[in-house]
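# Tertiary structure, described
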Amino acid sequence: MARTIETEPLATAPAATVTGLMAEISAVGTDALRGGYTRPVYSTAELDLRAWFTEQAEKRGLAVETDRNGAIWAWWDIPGGDRSNSLVTGSHLDSVPGGGPFDGPLGVASALVAVDILKARMATPPRPLAVVVFPEEEGSRFGVACLGSRLLTGAIDPDKARNLRDPDGSTFADVARANGLDPRHVGKDEQLLGRIGAFVELHVEQGRGLIDLDQPVAIASSILGHGRWRLSVHGQGNHAGTTLMADRYDPMVSASRMVVAVRDIARKQPHARATVGRLQPVPGGTNVIASRVDFWLDVRHPNDAVTAALVESIHLQARVIAAEEGCRVELREESLSPTVHFDPGLQKDLQLALPDAPVLDTGAGHDAGVLAAHVPTAMVFVRNPSGVSHSPEEHVLDEDAETGAQTLADALHGLMA
Ligand code: HGY
Ligand code: MN
Ligand code: MN
Ligand code: MN
């Protein structure tokens, strides 16, 4: 895969700017209640952004197709249209609840501008190039992160995917059908996967690495292994006023003790990250002692065996707490992604093109992490001066955004040689 990468001066200025495209994207899906953006897959906001992306791609003469799993592919074809050994870039448009403006959209906007830059340098690409938008990267609606890329690569069983339910109880099959997919056909797409020669995803950095190194862009080395588990704590639902304190089996108290235990157990393990970001009492009345509390655990560590051991310790401690509180606890794995090391050859190519760019790992999952098990994959990160992500404070400076797109264009250009 090693290729020399020469970059030529631009023939003409790029037609669009990342900042301009990001302004258009950021007008969609603002969340007045939480702040930031809330764009679950197939919500009105995400559908609006899909339409926006399709229009932007068609404006650039790209051939737009939606695959069996709902990912959108915008192709810059070579004469004759053979799409083998294609170069693919892109990211996602869905968000976490109250997310920042750049997580996902920056990679999509930068890919469109990179196409502009490359089109200013060449009439047709020596290799087919596609910009992809993967659905449900955040897993915010159906609970499994990177659902679209997992389906494409066969990393999730199609039946399990079809039966995933969103918080309103709609299944992925129902929602997929309502949005033009045939749920019977979701799943691994060998032919499409076989066309991808390399995948390069640009993403806002979701940490402080580039701030501390005072650099605008970085090349990714690896993604921390991570997983999601659902814990359900069962107690005795009852009346808040008539139930004496001594007569309570309150799952909210148990769950609260368990959340603190998660923090205490993770603190003892260097490099571990463990989070409970979502907790749901059932039925959820102010004057009701809950009968059940569901909460979701996100655990990450560079060593997959340590992740498993951490979850085991947390489960053990949860059972001890439940017993002490007269409750019962169940733990169920919802998704698991092993630690991913990106393609060394591709990484070397990028380092040739970007000699000043540091190499950083990341604790955030990405579709690139899923594809990496099947095709040579790399990531480029763009500085985030807030150092914060999955929050409205997430930020990218205009000049860094343009540098990112230029970097992506140069990297893709070099991979075309
Ligand atoms: O959860 C993650 O790490 C990613 O942002 N989906
Ligand atoms: Mn994210
Ligand atoms: Mn993302
Ligand atoms: Mn992600």
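Because the structure is a prediction, the values reported are computed rather than measured.

For the rest of this paragraph, the subject is the domain arrangement of the protein. Domain annotation for the protein reports domain 1 (18-223 + 339-416) and domain 2 (226-337). A C-alpha centroid distance of 33 Å is found between domain 1 and domain 2. Contact residues are listed per partner, giving 13 residues for domain 1 and 13 residues for domain 2. Carbon and sulfur atoms supply 31% of the area buried between domain 1 and domain 2, which totals about 880 Å² over both sides.

Attention now moves to helix 10 (residues 304-324). Its 21 residues give helix 10 an end-to-end C-alpha distance of 31 Å, which sits within 8% of 30 Å, the value for a rise of 1.5 Å per residue. As for helix 10, its buried residues are in contact with strand 7 (225-234), helix 9 (251-267), strand 11 (292-301) and strand 12 (328-337). Sitting at the head of helix 10, Asn303 places a side-chain oxygen 2.7 Å from the backbone nitrogen of Ala305.

Time to look at the site of ligand 1. In the region of ligand 1, the neighbouring residues are Glu137, Glu138, Arg300, Ala364, Gly365 and His390. Here Glu138 contributes a side-chain N or O atom positioned 2.9 Å from a nitrogen atom of ligand 1. A distance of 2.7 Å separates an oxygen atom of ligand 1 from a polar backbone atom of Gly365. Bound to the protein, ligand 1 loses 95% of the 210 Å² it would expose on its own. When grouped by side-chain class, the residues that make up the shell around ligand 1 number 1 nonpolar, 2 polar and 3 charged.

Let us look at the nonpolar core. Val18, Phe53, Leu106, Leu118, Leu129 and Leu412 are the most contacted members of the largest nonpolar core, which has 55 residues in total. A per-element tally of this core places helix 3 (residues 105-121) first, with 10 residues. Setting aside residues up to four positions removed in sequence, Phe53 forms contacts with Ile72, Ala74, Leu93, Val108, Leu112, Val131 and Val133.

Attention shifts here to helix 9. Taking 1.5 Å per residue as the helical rise, helix 9 with its 17 residues ought to reach 24 Å, and the 24 Å between its terminal C-alpha atoms agrees with that figure. Of the residues making up helix 9, those classed as buried are Pro251, Ser254, Ala255, Met258, Ala261, Val262, Ile265 and Ala266. For helix 9, the arc enclosing every buried residue in end-on projection is 120 degrees, short of the 170-degree limit, so these residues lie on one face. Residues of helix 9 that are buried make contact with strand 7, strand 9 (273-282), strand 11, helix 10 and strand 12. By the N-cap criterion, in which a side-chain oxygen at the helix start approaches the backbone nitrogen of a residue two or three places on, helix 9 is capped by Asp250, the distance to Met252 being 2.8 Å.

This part takes up the coordination of the manganese ion (ligand 2). Within the first shell, the manganese ion (ligand 2) binds the protein through Asp103 (OD), Glu138 (OE), Glu138 (OE) and His390 (NE2), at distances of 2.0 to 2.7 Å. Sequence positions of the donors to the manganese ion (ligand 2) reduce to the motif D-x34-E-x251-H.

Parameters at a glance
Residues numbered from 1 in each chain as written. Chains lettered and ligands numbered in written order. Predicted model: local features only at pLDDT ≥ 70, side-chain atom pairs only at ≥ 80, totals over all residues. Heavy atoms only, no water. Domains from an automatic or database assignment. Contact = heavy atoms within 4.5 Å. Buried area = accessible area lost by both parts, 1.4 Å probe. Helix = DSSP H or I, 4+ residues; strand = E, 2+ residues; numbered from the N terminus. Expected span 1.5 Å × (residues − 1). Polar contact = N/O pair within 3.5 Å; in protein donor to acceptor, adjacent residues only side chain to side chain. Near = heavy atom within 4 Å. Areas by Shrake-Rupley, 256 points an atom, 1.4 Å probe, with all protein chains shown as cover. Nonpolar A, V, L, I, M, F, W, Y, C, P; charged D, E, K, R; others polar. Core = buried A, V, L, I, M, F, W, Y, C linked by side-chain atoms within 4.5 Å. Buried < 20%, exposed > 50% of the residue type's maximum accessible area, 1.4 Å probe, protein only. Arc of directions from axis to C-beta. Donors = N, O, S within 2.8 Å, 3.2 Å for Na, K, Ca; no water.

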